[in-house]
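Residue-level structure breakdown
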Amino acid sequence: PNAVTLLCILKACGSIGAIEKGQEMHTEIVRKGLLETHFILGNSLVDMYAKCGLFIEAKQSLDMLPNQNVVAWTALIAGYAEHGHTKEALRCFEEMQSRGIQPDERTFTSVLSACCHGGNIEYGLMVFKAMQNEYGITPCIEHVNCIVDLLARGGWLDEAKALIRRMPHLPDITGWRSLLTSSSKFGHQMLGNDC
């Protein structure tokens, strides 16, 4: 198998949780010395391990990359977030920045998702503002949905509704569902009707 074949296999292993086959491919990649010339394989290793919940292996794979980049760091952050490890995701986000790697749109989506699942409203709002003010990233639909969900889950329904009204991108069905579900949960039927 060449680098493209190995890349496809790693993605498949991460998608279905076939960790044993993924580890076989990791061994093959190292044996062939492909990490030095195909950095995308390193990113895929981090992603595969993170998706499978093997965070020690994911972090070791990241640390062994000759050229660490935002894609690999984001894969690790997203893995932590998907598995409900909020503190680790946020710690990883801080470490990435301390190493001089700038977050991108996908990084912010993963961090905001982690904040949402962990109920870290203040930190999530701080990250959302920094994304725009410090990094010059205009919020996309995924960012807006994450913040609406974060605010709504925390009972900050008026703030969620105000955000929807002032953002250039309205949330899609995911964001509206978050707001309406939380409106019902917190007994704000009128807010649901106002949307």
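Within each chain, residues carry numbers counting from 1 in the order of the written sequence. The predicted nature of this model means local features are confined to residues of pLDDT at least 70 and side-chain atom pairs, given and counted, to a pLDDT of 80 or more, with totals for whole chains, interfaces and linings taken over all residues. Only hydrogens and water are set aside when side-chain values are computed; all heavy atoms of the structure are taken into account.

Topic: the pattern of salt bridges
Threshold: Take a side-chain nitrogen of Lys or Arg and a carboxyl oxygen of Asp or Glu: if they are within 4 Å of each other, that pair is a salt bridge. Where helices and strands are cited, they refer to DSSP runs of H or I of at least four residues and of E of at least two residues respectively, numbered from the N terminus.
One pass over the structure, following the stated rule, counts ten salt bridges. Where Glu95 meets Lys59, a salt bridge forms, and the shortest distance between an N and an O atom there is 3.3 Å. Separated by 36 residues along the polypeptide, Glu95 in helix α6 (residues 86-98) and Lys59 in helix α4 (residues 55-63) bring together distant segments of the chain. Counted as one network, the salt bridges with shared partners bring together Lys59, Asp63, Arg91, Glu95 and Arg99.

Quick notes on the packing of helix α1 (residues 3-16) against helix α3 (residues 39-51)
The test is simple: All axes are obtained by fitting lines to C-alpha atoms, using only the stretch in contact for helices, and the reported angles, taken between N-to-C directions, cover 0 to 180 degrees. In these notes the angle categories are as follows: under 35 degrees is roughly parallel, over 145 is roughly antiparallel, 65 to 115 is roughly perpendicular, and the rest is oblique. For any helix crossing, the convention is left-handed if the near helix is rotated counterclockwise from the far helix by under a right angle, and right-handed if that rotation is clockwise. Two residues form a contact once any of their heavy atoms are found within 4.5 Å. All residues other than Ala, Val, Leu, Ile, Met, Phe, Trp, Tyr, Cys, Pro, Asp, Glu, Lys and Arg, Gly among them, are scored as polar; the first ten of these are nonpolar and the last four charged.
Contact geometry for α1 and α3: axes closest at 8 Å, N-to-C directions at 15°. Classified by the interaxial angle, the pair formed by α1 and α3 is roughly parallel. Like other packed secondary-structure pairs, α1 and α3 cross with a definite hand, here left-handed. The segment α1 lies against α3, with Ala3, Leu6, Leu7, Leu10, Cys13 and Gly14 engaging Ile40, Leu41, Ser44, Leu45, Met48 and Lys51. Of the residues contributing to the contact of α1 with α3, the split by class is nine nonpolar, two polar and one charged.

Topic: the side chain of Thr107
The line we're drawing: A 1.4 Å probe rolled over the protein chains alone gives each residue an accessible area, and that area as a share of the maximum for its type sets the label: buried under 20%, exposed over 50%, partly exposed in between.
When you line up the elements, Thr107 lands in helix α7 (residues 105-118). Judged by its relative accessible area of 0%, Thr107 is buried. For Thr107, the contacting residues outside a window of four places in its chain are Val70, Thr74, Ile77, Phe93 and Met96.

Some thoughts on the packing of aromatic side chains
Which entries qualify depends on this criterion: What counts as a ring pair is set by centres within 6.5 Å for rings of Phe, Tyr and Trp (its six-membered ring), and what kind of pair is set by the plane angle: stacked under 30 degrees, edge-to-face over 60, tilted for all other angles.
As enumerated under the stated definition, the model contains three aromatic pairs in all. Between Phe93 and Phe108, the ring centres sit 5.9 Å apart and the planes meet at 70°, which makes this aromatic pair edge-to-face. Taken together, the residues span a long stretch of sequence, with Phe93 in helix α6 and Phe108 in helix α7 at a distance of 15 residues. You'll find Phe93 and Phe108 in the same group, each marked buried. These aromatic residues form a ring-pair network of at least three members: Phe93, Phe108 and Tyr135.

Brief notes about helix α9 (residues 141-153)
Here is the rule we go by: By this rule, a helix spans an expected 1.5 Å times one less than how many residues it contains.
Across its 13 residues, α9 extends 18 Å between first and last C-alpha, which sits within 8% of the 18 Å expected from 1.5 Å per residue. Burial analysis of α9 places ten of its 13 residues in the buried class, the great majority of the element. Those residues of α9 not exposed but buried are His143, Val144, Asn145, Cys146, Ile147, Val148, Asp149, Leu150, Leu151 and Ala152. Directly after α9, the chain includes Gly155, whose backbone phi takes a positive value near 85°.

Overview of the environment of Thr174
Note on placement: Thr174 falls in helix α11 (residues 173-185). It is 9.4 Å that separates the C-alpha atoms of Thr174 and Val148, two residues lying 26 residues apart in sequence.

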